[in-house]
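Observations on the model geometry
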Amino acid sequence: LVPALGYAISVGCLVWVYWGFDWKGELPKFAAVDRRWMTLAVVSDISTYFFQGWRWTLLLKPIAPPRFLRSVQAIFIGLFANSVLPFRSGEIIRAYVQARWVDIPFTVCLSSALIERLFDGILLAGGFYLVAQFVPVPGYLRDAGLVLAVLVGALSVLMGIVIFHRHRAHAAISGSRWAGMLWHVVEGLHAMGNSRWFCLSGAVSVLYLVSQLVPIYALMRGSELDLPLGALAVVLIIMRLGTVLPQAPSNVGGFQFFTVVALGLFGVDKATAASFATILFVVTTVPLWVGGAIATAMAGTRIEDLQRHAHASLQPSQTRS
């Protein structure tokens, strides 16, 4: 039921975006995009995941420092999994791959990915608050921003307890059937949170988010879409906020819907916004499919096998070592 609901939402978004869309009239606009700006968009979008790999490497340094390029490869494997599997399964798969390469408990690696998403959530919630002060946003987006802020706040409190009050966290999980698994999580979060690399990885998160503005800027220039620079941040934040919840593979549907909604705040008509959303989706997604397929092939495995092993590793039968 849950996957069906996610697909239904994605299909509904696609129908809304492309209902009455004049493909014959809009396709020439795709071909007219300046190739230099498109190339910059592709290269800059791929480079953002090197920032993410840097951040992940820093987070794991106190436990078992992975190689930077291995972190990047694991991220691209996860991106490829997200393109063929629903509900962001790639997040679990990339953590499993990294854990296997650096020989640390899978749950510890998974908790490091959770810290990454917490960093992103804090930046998104803060960015959305600033956007809402200057741009009138729809009520449902305000509600989504509030929900995100509450979730980020709750997770931050829980993580703070684990990091600074490890013994209380151990006591809280001692009676759980997942106690053996969660023991590793507590130890890993405590080590990462008390490391000098923790704050640096948070700073790299800012670079990771800011670098995602470059592809949007390049495609706006290449498409001759004349909008103020502030629109870049609005489009990015609303698009990322709208795709926080897992949807169909590659966030298809939600990606286009929230891009169109964000551009509409600046008076861009729906047809033009849909054209731009389509170009942005292709330029920022297809290269990741290719890079992810290469990264997966280099690992000598299949996504289906990684998914099966990763989910098996999450069973509560694990015990503390």
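In what follows, the accompanying structure is described. Everything numeric here is computed off the predicted structure, so don't read it as measured data.

**Considerations on the overall build of the protein**
- A tally of helices and strands in the protein yields 15 helices and zero strands.
- The C-alpha atoms of the protein give 20 Å as radius of gyration, which agrees with the globular expectation for 321 residues (20 Å, within 12%).
- Summarising its shape, the C-alpha atoms of the protein cover approximately 65 × 45 × 40 Å along the three principal directions.
- Sorting the 321 residues of the protein into buried and exposed places 50% on the buried side.

**Considerations on the nonpolar core**
- Judged by nonpolar contacts, the single largest core of 92 residues is most densely connected at Ile216, Met220 and Leu263.
- Residue contributions to this core peak at 11 residues, all from helix H6 (residues 106-134).

**Examining a nonpolar patch on the surface**
- A contiguous nonpolar surface patch, about 540 Å² in accessible area, is contributed by Val282, Val286, Trp289, Val290, Ile294 and Met298.
- With respect to the element layout, Val282 can be found in helix H14 (residues 270-298).
- We classify Val282 as partly exposed; its relative accessible area is 42%.

**Notes on the pattern of salt bridges**
- Counted under the stated rule, the structure contains nine salt bridges.
- When the shortest N-O distance is used, the salt bridge between Arg36 and Asp34 registers 3.0 Å.
- Residue classification places Asp34 among the partly exposed residues on the basis of a relative accessible area of 23%.
- Residues participating in the shared-partner salt-bridge network are Arg55, Glu91, Arg94, Glu116, Arg117 and Asp120.

**Section: the environment of Val102**
- For Val102, the position within the fold is in helix H5 (residues 89-102).
- Looking at Val102, the relative accessible area reads 18%, which means it is buried.
- For Val102 and Pro66, which are 36 residues apart along the polypeptide, the C-alpha to C-alpha distance reads 5.9 Å.
- Not counting residues within four places of it along the chain, the set of residues in contact with Val102 comprises Ala64 and Pro66.

Quick notes on the rules
Residue positions are given per chain, counted from 1 along the sequence in the order it is written. Selection of residues for local features in this predicted model requires a pLDDT of at least 70, selection of side-chain atom pairs for listing and counting requires 80 or more, and totals for whole chains, interfaces and linings are taken over all residues. As a convention, hydrogens and water are excluded, and side-chain values are obtained from all of the structure's heavy atoms. Put simply, DSSP H or I for four residues or longer makes a helix, DSSP E for two residues or longer makes a strand, and each gets a number counted from the N terminus. Atoms considered for the radius of gyration are the C-alpha atoms alone. The globule rule reads 2.2 Å times the number of residues to the power 0.38. Only protein chains enter the accessibility calculation, which uses a 1.4 Å probe. A residue is then buried if its area is under 20% of the maximum for its type, exposed if over 50%, and partly exposed in between. Nonpolar core, defined: a set of buried Ala, Val, Leu, Ile, Met, Phe, Trp, Tyr and Cys residues in which side-chain atoms within 4.5 Å join the residues together. Without a salt bridge and with relative accessible area above 30%, a residue can belong to a patch; like charges are then joined within 9 Å and nonpolar side chains (Val, Leu, Ile, Met, Phe, Trp, Tyr) within 5 Å. Computed with the Shrake-Rupley method and a 1.4 Å probe, the accessible areas treat only the protein chains shown as cover for residues. When a carboxyl oxygen of Asp or Glu is within 4 Å of a side-chain nitrogen of Lys or Arg, the pair counts as a salt bridge. Throughout, a residue-residue contact means that at least one pair of heavy atoms, one from each residue, lies within 4.5 Å.

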